[in-house]
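# Structure at a glance
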Amino acid sequence: MTSKADREAVLTELYKSMFPVVAKYVAKMGGSFDDAKDVFHDALVIYYEKVVAGGLSVANDKAYITGIAKHLWYKKFNQAIGTKSMDDMNFDIADEPAEHPSSNKILHHLQTAGKRCMDLLSAFYYDKLSMKEAAGKFGYAGERSVTVQKYKCLEKVRETVKEQSLEYADFIE
Amino acid sequence: MRTSLNNIKLTDDHVNGLLPTGDALVFEARLILNPALQDEVILHKQTLALVQQYGRDMLRKDIESIHTQLFSQPQHRSFKDSILRFFKH
């Protein structure tokens, strides 16, 4: 899933084949269309992060997505009726950074002021592209120049985070 | 690369656990002795956390736009109908 078009094609295919399974299940369990959409989107995010981290073989991806979605639905449903989840298998989505008002403000600033650097850095750190793949995606001559650009971007973004976190004092923990 | 970039690489490798044993030990010793370096490591971790959050936000946007396409474009009409049928109680 190294290019945007490639990723979109894979996700669209998964959407078409897997959303009906998840929606049918959630509906049967008394959930709404929006419930089904929410758990399915979360399941796709978890699946994607597992795949790019190299922790999943593609052979069982569909069973995996259905499994996560069912689990997420159980959690959501049990929270709604105020009981504890029966089994607390922890999925990575639990690691989602707590909604931090200041981090959202800083993120918003970075999205507008430093989008190109954020795109490049998230390609490395989130999408786990190799230097070679990133060089191709962002139009750099080679691995060396994209490597240098990665550290320049880290320098720039770090500087912004530092300035912004001085503005939003509660960001510093 | 210029020195400041090499230092960032060093911090990045430390944070991601990529330093070879010898370099890792040297870095940890410097960390104990140098509060400014400790601050730098914290800043670096905050930066990487924001980059992760950004990447995840972009993915969510892509998924949302696929959803919108599948539920609004006429060529996906039968897909849409088959899903909505589940929710007609």
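All of the points below concern the structure found in this document. (Residues numbered from 1 in each chain as written. Chains lettered and ligands numbered in written order. Predicted model: local features only at pLDDT ≥ 70, side-chain atom pairs only at ≥ 80, totals over all residues.)

## As for the packing of helix α5 (residues 115–125) of chain A against helix α3 (residues 35–72) of chain B
Running from N to C, α5 of chain A and α3 of chain B cross one another at 90 degrees; their axes reach a closest spacing of 9 Å. Relative to α3 of chain B, α5 of chain A is oriented roughly perpendicular. In this structure, α5 of chain A uses M118, L121, S122 and Y125 of chain A to contact α3 of chain B, whose residues at the interface are L48, V51, Q52, Y54, G55 and M58 of chain B. Considering only residue class, the contact of α5 of chain A with α3 of chain B consists of seven nonpolar, three polar and no charged. (Axes fitted to C-alpha atoms, helices over the stretch in contact; angles between N-to-C directions. Helix = DSSP H or I, 4+ residues; strand = E, 2+ residues; numbered from the N terminus. Parallel < 35°, antiparallel > 145°, perpendicular 65-115°, else oblique. Contact = placed C-beta atoms within 7 Å. Nonpolar A, V, L, I, M, F, W, Y, C, P; charged D, E, K, R; others polar.)

## Remarks on the interface of chain A and chain B
Many analyses report the size of an interface as the accessible area lost when the parts associate. With 38 residues of chain A at the interface, the matching set in chain B holds 32 residues. Only α1 (4–28), α2 (33–52), α4 (101–113), α5 and α7 (143–167) of chain A provide two or more residues apiece to the side of chain A that touches chain B. With eleven residues, α1 of chain A is the largest single contributor of residues to the side of chain A that touches chain B. Here the side of chain A that touches chain B is composed, by residue class, of 23 nonpolar, five polar and ten charged.

## Focus: the nonpolar core
Generally speaking, soluble globular proteins have nonpolar side chains that are buried together. If you look at the biggest cluster of nonpolar residues, it comprises 26 residues, and the most contacted ones within it are V22, V39, F40, A43, L44 and A69 of chain A. Every element with two or more residues in this core is listed here: α1, α2 and α3 (61–80) of chain A together with α3 of chain B. Element by element, the count of residues in this core is highest for α1 of chain A, at nine residues. Counting residues in hydrophobic clusters, the runner-up holds 22 residues, among them L121, L129, C153 and V157 of chain A. (Core = buried A, V, L, I, M, F, W, Y, C linked by C-beta atoms within 7 Å. Buried ≥ 20, exposed ≤ 12 C-beta atoms within 10 Å, placed from the backbone.)

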